[in-house]
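Overview (structure and organization)
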Amino acid sequence: MQFIDQVTIDEFHENGATVVRGLFTPEEVATIEAGIEKNLADPSPMFKVASQPDDPGRFVEDFCNWNRIDEYRAIAFESQAADVAQQLMGGSSVRLFHDHMLVKEPGTKQETPWHQDQPYYNVDGNLNCSMWAPVDPVVLESTLEFNAGSHKRGWLMPRTFMDNQAKWFPEGSMSEIPQIEADRDSFEILGWELQPGDAVFFHMLTTHHAYGVPGANRRRAFSLRFLGEDMVHAPRDWVTSPNFDGLNLEIPQGAPMDHELFPLLRPAMTLA
Ligand SMILES: O=C(O)CCC(=O)C(=O)O
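Residues numbered from 1 in each chain as written. Predicted model: local features only at pLDDT ≥ 70, side-chain atom pairs only at ≥ 80, totals over all residues. Heavy atoms only, no water.

1. Examining the nonpolar core
Of all hydrophobic cores here, the largest spans 35 residues; its most connected members are L23, F24, M131, F201, L224 and F226. If you list the elements that add at least two residues to this core, you get helix 1 (6-15), helix 2 (26-41), helix 3 (70-78), helix 4 (81-88), strand 4 (94-104), strand 7 (128-134), strand 10 (199-202) and strand 12 (219-227). It is helix 4 that contributes the most residues to this core, five residues altogether. Beyond its immediate chain neighbours, meaning those up to four positions away, M131 contacts L23, F24, A81, A199, V200, F201, F222, S223, L224 and F226. (Core = buried A, V, L, I, M, F, W, Y, C linked by side-chain atoms within 4.5 Å. Buried < 20%, exposed > 50% of the residue type's maximum accessible area, 1.4 Å probe, protein only. Helix = DSSP H or I, 4+ residues; strand = E, 2+ residues; numbered from the N terminus. Contact = heavy atoms within 4.5 Å.)

2. A few points about the site of the ligand
The environment of the ligand is made up of L102, K104, T112, H115, D117, W132, L144, F202, H208, A210, R219 and R225. Interatomic distance of 2.9 Å between a side-chain N/O atom of D117 and an oxygen atom of the ligand. A distance of 2.9 Å separates an oxygen atom of the ligand from a polar side-chain atom of H208. Considered on its own, the ligand offers 290 Å² of accessible surface; in the complex 98% of this is hidden by protein. When each cavity is represented as a set of grid points, the ligand is found to reside in the largest pocket. When residues of the shell around the ligand are traced back to their parent elements, those giving at least two are strand 4, strand 5 (112-115), strand 11 (208-210) and strand 12. Across the shell around the ligand, the residue classes break down as five nonpolar, three polar and four charged. (Near = heavy atom within 4 Å. Polar contact = N/O pair within 3.5 Å; in protein donor to acceptor, adjacent residues only side chain to side chain. Areas by Shrake-Rupley, 256 points an atom, 1.4 Å probe, with all protein chains shown as cover. 1 Å grid on protein atoms, 1.4 Å probe; cavity = no way out; pocket = protein on both sides within 12 Å on 5 of 7 lines; lining within 4 Å. Sits in = over half its atoms within 2 Å of the grid points. Nonpolar A, V, L, I, M, F, W, Y, C, P; charged D, E, K, R; others polar.)

3. Some points on the environment of L127
Inspection of the secondary structure assignment puts L127 in the loop between strand 6 (123-124) and strand 7. Of the residues examined, L127 reaches a relative accessible area of 26% and is grouped as partly exposed. Taking C-alpha positions, L127 is 32 Å from R218, a pair spaced 91 residues apart along the chain. Every residue in contact with L127, bar those within four places of it in the chain, is listed here: M89, S92, L227, G228, E229, D230 and M231.

4. Quick look at the pairing of strand 3 (residues 59-63)
Across a regular strand the side chains alternate sides, sitting on one face of the sheet and then on the other. For strand 3, the tally of buried residues reaches five of five residues, placing the bulk of the element in the interior. Covered by surrounding structure in strand 3 are F59, E61 and F63 together with V60 and D62, the residues of both alternating faces. For strand 2 (residues 48-49) and strand 3, the ladder comprises two bridges, and the chain directions are antiparallel. By the bridge assignment for strand 3, V49 is matched with V60. (Pairing = 2+ DSSP bridges.)

5. What about the pairing of strand 7?
Across the seven residues of strand 7, seven count as buried, placing the element largely inside the fold. Alternating residues of strand 7 divide into N128, S130, W132 and P134 and C129, M131 and A133, and every residue in both groups is buried. As defined by bridge partners, strand 7 adjoins strand 12 across seven bridges and the pair is classed as antiparallel. Looking at strand 12, one finds that P134 is bridged to A221.

Next comes the structure, spelled out in structure tokens:
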């Protein structure tokens, strides 16, 4: 079955990001919303506040909760998100890497700085994609923005969001993220106004960013990170984000992420 059109697939490959309108039914949006509220009321040990104490709003994140929050599990396993990921990844098998909740409360000033996701992770490979779906309407000023084509231009230095520290790869070991905000017109920037039910999909190396949330609206988003066929374990000497304690003892370096923490959501498609 075809879940998205070829234009969407081409856009994902060319730009490293695309939008899928109306991916989730109103019932599924309500399920995600219920999951987020459950998550906020009962955060995991990975929960973190990603905004400064004096921020008039608040930016919070949590990771890896599909095992204990039924609503998240239902969306990961039963919605069409994994089918879309599979088509974007050319019919590859689809493994769940993790879920990620990202909530900006009204008035949040904290920006999400420009970054790539993969350098924070413990995986190598190219066949991957992430889905990010809001349950609140998102205006252009608060949406996730992407630097088109950046997924083809190599790995860039991951830094802490709030104080720009190199906590992962050693200082000087990688090129820095370009200063996109200082000269936005020189970069091709993609971003979409989104309604509940819409989702953006992007490659784990696509540089992306979001401003804060002006006004009275919350910006609650749920994200799923999908691994395709060539993604393998890349153990690190440091604490990755998210971190998987003890995984180094269970999956050898360079081996597929074949482990109960990373369930297979779709087998590879067999071509007719
Ligand atoms: O929600 C945000 O502001 C940032 C999202 C993000 O960086 C991500 O989903 O990887």
